[in-house]
Structure formats: structure tokens, C-alpha cells
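Residue strings, one per chain:
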Amino acid sequence: MNILVTGGTGYIGSHTVIELLKLDHNIIIADNFSNSKPGVLNLIREISGKEFKFYQVDILDRENLEKVFINNSIDAVIHFAGLKAVGESVAMPVAYYHNNITSTLVLCDLMNKYDVKNMVFSSSATVYGMNNISPLTEDLPLSTTNPYGSTKMMIEQILQDVYISDNGWSTALLRYFNPIGAHESGKIGEDPNGIPNNLMPYITQVAVGKRDQLSIFGSDYDTHDGTGVRDYIHVVDLARGHVKAVEYIADKTGVEAINLGAGKGYSVLDVVNNFQKANEIKIPYVLTDRRPGDIATCYADAGKAEKLLGWKAEKTLEDMCRDSWRWQSKNPNGYE
Ligand code: NAD
Ligand code: UFG
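Being a predicted model, the structure only gives us computed values, none of them experimental. (Residues numbered from 1 in each chain as written. Chains lettered and ligands numbered in written order. Predicted model: local features only at pLDDT ≥ 70, side-chain atom pairs only at ≥ 80, totals over all residues. Heavy atoms only, no water.)

Re the site of ligand 2
And step 1. Near ligand 2 there are 18 residues, and of these N198, S215, R230, R291 and D294 occur at the shortest range.
And step 2. Residue L199 places a main-chain N or O atom 2.8 Å away from an oxygen atom belonging to ligand 2.
And step 3. Burial of ligand 2 by the protein amounts to 88% of the accessible area it has alone, namely 680 Å².
And step 4. Residue classes in the shell around ligand 2 are distributed as 8 nonpolar, 7 polar and 3 charged. (Near = heavy atom within 4 Å. Polar contact = N/O pair within 3.5 Å; in protein donor to acceptor, adjacent residues only side chain to side chain. Areas by Shrake-Rupley, 256 points an atom, 1.4 Å probe, with all protein chains shown as cover. Nonpolar A, V, L, I, M, F, W, Y, C, P; charged D, E, K, R; others polar.)

This is the structure in C-alpha cells:
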């Protein structure tokens, strides 16, 4: 298949492109490098041993994005491009709504014009909000607590409406749980800007000596050890889920929301302990107050992905800890 991957130089996109290239799909990446580095392109070539096309383009820029559709015969789009920092979205809602939603509208409009009607969209478990009880199934009511989450929920709605207007569309709304880990080569991984918000990049930065200690946000949750429980999924498993999803939507029509999680919950302390054991490194930590907006427990019912896509997460928490550390230790300053 000829697959346009928006946001294909980002964390999840780059790992997904590698898995798609392995299966000899033809890849066209469109990214504006707003949260990624040009160096990723050669690393993808190095790891995969394959070629692909790249366009440095903002998905908001209809005129330049249209050239990508004019110059390539595209069968499907995997749409990763978007801004993703929850706190930043609270501070800059207009930028988040504009970048995430307007770009998706531009993309859908061009897809309609060039008769490309297969889309895999990066949604998030954040659309399940604060009130649903885990394991989370795809049919639960959705709600959000911040502009980032609202962009995901609204885009899901937009893509449902696009299908209602034209039953030729085939769309997968993939709701990711907590992606961590890195490619096992240690050449590509997650490279957050500034102080990491998320748990695993914070732990690896403590391990590499960039931060003194981890703050564990809350130790009085109703969980097995009092710390927050999440569904961590290895980014390479997640990438393989996209390969299955893009193949799944190819020969049918409709819209399916599908959880991509491991279906297992681990606490913050479970992750810290696993990281220490897998890598033989001590992670100093302090127990602090809960982080506003966090819930006690969030993990997927991963049954629908297995049933529809024949996909389930295979890598263990230990794999995730080892691979995250390999990436960070080989690249203490990320892609710089
Ligand atoms: P990322 O920031 O590493 O990748 C996103 C990529 O999109 C970046 O390369 C960025 O430069 C590009 N981009 C952003 N806006 C663009 C625009 N207007 N035009 C062109 N390119 C643009 O993020 P990621 O972790 O790889 O996430 C990919 C997608 O998955 C995002 O939509 C994100 O919201 C979603 N998601 C991520 C997580 C997570 O924890 N990482 C969880 C759930 C959902
Ligand atoms: N945590 C700490 N210390 C830290 C960072 C995180 O204790 O320095 C804890 C959090 O309180 C939480 C767990 O580690 O219990 C995981 O936190 P992350 O920030 O890594 O992940 P979240 O589950 O909070 O958020 C993720 C994505 C969001 C998405 C959300 C819901 O980062 O984009 O899942 O699916 F919206």
C-alpha cells in the first residue's frame, strides 16, 4: 500500500514507519518538525534499510499538502500529526484546537478531493475522562478534562460525521494507553522538550543524571501500593497495532474505535522497581502530592483489538524499561 504518514518523524510515527517499511509498504511522511528532528529521517533509513518519501509540510498548509496528494497515489493515511502536551494545551487552547482540529479538517478535505478514504487516527485513552471504571471498553461514554483531550474527542466526532456523509470512508480511531519504550536498536526513541511530564522519560533522565530524583505524584490512591496505575504499552507493539489497523480498514468501510493497550495495569512503583531491576540502576524518588487531573487507575480492555485486528501487545514491562534505558543511555541529550 502507499501510505501517507502525517507526524511520521515523531515518537510513535517513526517507530510505525519502520514496521510499515519492513512489510514493504511505500511510505510518504509529512511532518513540519514542530516536535521532531530532521535527523530521524536517516535513522529510519539506517534501521529499516529502506527508502521512503518525505515532505516538510505543515498539515495546516492546504496548498503545500495538496502537492503531496497530487504527486502520490495514496491508498491510506495514518494521521499522527498533532500537539500532545496536556499542560501546554491548558495554557494555549487556541493553538491546540487550531493545530489539531483545523489540520484534520484540511486533511479530510484533501482526502475527499483525491478519493482517499482510509484513515487511521491517533486518539487517546484520555477520551475516557475521569469517571469510567477500568478495564475501559470502547463503548463507554466519553468526556475530557483539558483542551488536548477535547481535540481528540472532537476529531473522533468529526471522523464519525465524515463517514455518515460518505459511507465510502473506512476509519480506525486508535485509543492509545501509555506508550513507552524505544526501538531495540537504541537509535530512536522519545525525546521530550524540557522537563518531561511523563513518567518514563522522567525516570530515564534521573537514571542518566539529568534530574536528581523522581517525584511520585500521590501515594494514597486506592491501588495495590497507593500509587497511580496505568496501562503501559511498548511503542513497537503500538507501531505493529497500526500496521494491523491500516490493513484491517483497507477492505471495508465504517468507523471503529479500538483501544491499543496491553490490558494490564502497573503502578508507578511497579515501573520504578522494574526499571531498577532490569537495568541495575537506582532511581531515587520522593512521594509527593497527587498531580491535579490524575486518576487512580486507567487500563484497557484490549479484547476488541485482538478480535478485529488479531493484535495484542507482546512486550513486557521489563522490555519497555530496558529499551527506554538503552535509548536514553546511548543518547543522553536525545536527538541533539
Ligand atoms: P510527537 O510529538 O512525537 O509526534 C507528533 C509529530 O507530529 C511530530 O513529529 C510533529 O512535528 C508533528 N506535527 C505536529 N503538528 C503538525 C502539523 N501541523 N503539521 C505537520 N506535522 C505536525 O508525538 P507522539 O507521541 O508520536 O504522538 C503521535 C500522536 O499520538 C499524536 O497525535 C498524539 O496526540 C497521539 N497520542 C500520543 C500519546 C503519547 O503518550 N505519546 C498518547 C495518546 C495519543
Ligand atoms: N507520574 C509520577 N511522576 C512523574 C510523572 C508521572 O508519579 O514525574 C505518575 C502519574 O501521576 C501517573 C503515571 O505516573 O500516575 C503516568 O503518568 P504519565 O504522565 O506518564 O501519563 P498519564 O497517564 O498521566 O498521561 C498519558 C498521556 C496523556 C494522555 C493520558 C490519558 O501522557 O497524553 O495518558 O491517556 F492524555
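Here the narrative resumes, following the displayed structure.
Some details on the nonpolar core
And step 1. Counting 38 residues, the largest nonpolar core has L20, I27, I44, V120, L174, L260 and L309 as its most contacted members.
And step 2. Broken down by element, the residue count for this core peaks at 8 residues, all from helix α8 (residues 235-250).
And step 3. With residues up to four places along the chain from it excluded, the contact list for V120 reads V77, I78, H79, A172, L174, H242, A245, V246 and I249.
And step 4. The next biggest cluster of nonpolar side chains, apart from the first, holds 28 residues, and it includes L4, V57, I74 and M111. (Core = buried A, V, L, I, M, F, W, Y, C linked by side-chain atoms within 4.5 Å. Buried < 20%, exposed > 50% of the residue type's maximum accessible area, 1.4 Å probe, protein only. Helix = DSSP H or I, 4+ residues; strand = E, 2+ residues; numbered from the N terminus. Contact = heavy atoms within 4.5 Å.)

A closer look at the packing of helix α3 (residues 62-71) against helix α5 (residues 93-113)
And step 1. Where α3 meets α5, the closest approach of the two axes is 10 Å, and the angle between their N-to-C directions is 40°. The angle between α3 and α5 falls in the class oblique. As for how α3 packs across α5, the hand of that crossing is right-handed. Along the contact surface, α3 presents R62, L65, E66 and F69, while α5 presents V106, L107, D109, L110, M111 and K113.
And step 2. Here the residues of the contact of α3 with α5 sort into 6 nonpolar, no polar and 4 charged. (Axes fitted to C-alpha atoms, helices over the stretch in contact; angles between N-to-C directions. Parallel < 35°, antiparallel > 145°, perpendicular 65-115°, else oblique. Left-handed = near helix turned anticlockwise from the far one by under 90°.)

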